[in-house]
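Here are the chains, one letter per residue:
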Amino acid sequence: QFSNLSEGVYRIRVYDNCGEAFVQTRTIFREEINLEISNILYPNENLPSCNSVTIMHTVTSSNLSLKYPLQYKFTTYPPSGGSFEYTGTINSGSNSYADISQVLPVESQDYPYDLKVIDGCDNEYSVSDQINSNIMQALVGSSSASCDKYYLTINPINFVPPYTVNFINAPA
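What counts and how
Residues numbered from 1 in each chain as written. Predicted model: local features only at pLDDT ≥ 70, side-chain atom pairs only at ≥ 80, totals over all residues. Heavy atoms only, no water. Pairing = 2+ DSSP bridges. Helix = DSSP H or I, 4+ residues; strand = E, 2+ residues; numbered from the N terminus. Axes fitted to C-alpha atoms, helices over the stretch in contact; angles between N-to-C directions. Core = buried A, V, L, I, M, F, W, Y, C linked by side-chain atoms within 4.5 Å. Buried < 20%, exposed > 50% of the residue type's maximum accessible area, 1.4 Å probe, protein only. Contact = heavy atoms within 4.5 Å.

### Considerations on the sheet that holds strand E9 (residues 124-131)
Spatially, the four strands line up as an open sheet ordered E6-E5-E8-E9, and their pairing is antiparallel. Edge positions in the sheet fall to strand E6 (84-90) and E9, since each has one partner strand and no second. The average undirected angle you get between the axes of adjacent strands in this sheet is 15°. The pairing of strand E5 (residues 70-76) with E6 spans seven bridges and is antiparallel. Bridged to Thr 76 within E6 is Phe 84.

Dropping the structure here:
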């Protein structure tokens, strides 16, 4: 087995112990990996702190297995000025996808960031997106219990626990 060969045409001659030879031609093509990086995801139901958020991107390959290690770099451009870099490496994982997550600061307004991913073959991929400054949600549902009694269920998303609920207005 021969490794680290360049792409191109190879003529190979193989001799046996009797001096007989066999010649064959082989062409080696470089297969391009098509990595795709998802849009921003907010994977946690709870924020890590009052002034930070966890974001995630999923990296997938549409044609070949992912080549590890995956090195990544988030570069943020907050409204307060400057830029900040957050780097990491994923050494191994699934052949078909990898989740890249990072805790980043939340500012008073949305701000852009870039994500660059370099795979184990030194192919570079990138995506740009925005950190949303207001990602908090509360899913409120109502149901009837029985005998004209009702109840509410509240599912806070992207809040920092513990939660406090105030009824601003309620029937008498």
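### Brief notes about the sheet that holds strand E4 (residues 52-61)
Pairing in this open sheet of three strands is antiparallel, and the strands run E3-E4-E7 from one edge to the other. One side of each edge strand has no neighbouring strand; the edge strands of this open sheet are strand E3 (35-37) and strand E7 (97-105). Taken over all neighbouring pairs, the strand axes of this sheet differ in orientation by 20° on average, direction set aside. Alignment of E4 against E7, held across nine bridges, turns out to be antiparallel. When the bridges of E7 are listed, Thr 60 appears paired with Tyr 97.

### Observations concerning the nonpolar core
Soluble globular proteins tend to pack their nonpolar side chains together in the buried interior. Within the largest apolar cluster, 24 residues are counted, with the highest numbers of intra-cluster contacts made by Ile 55, Val 117 and Ile 131. No other element matches strand E8 (residues 111-118), which puts four residues into this core. Apart from the residues lying within four places of it in its own chain, the contact partners of Ile 131 are Ile 40, Tyr 42, Val 53, Ile 55, Leu 104, Pro 105, Asp 110, Tyr 111 and Tyr 113.

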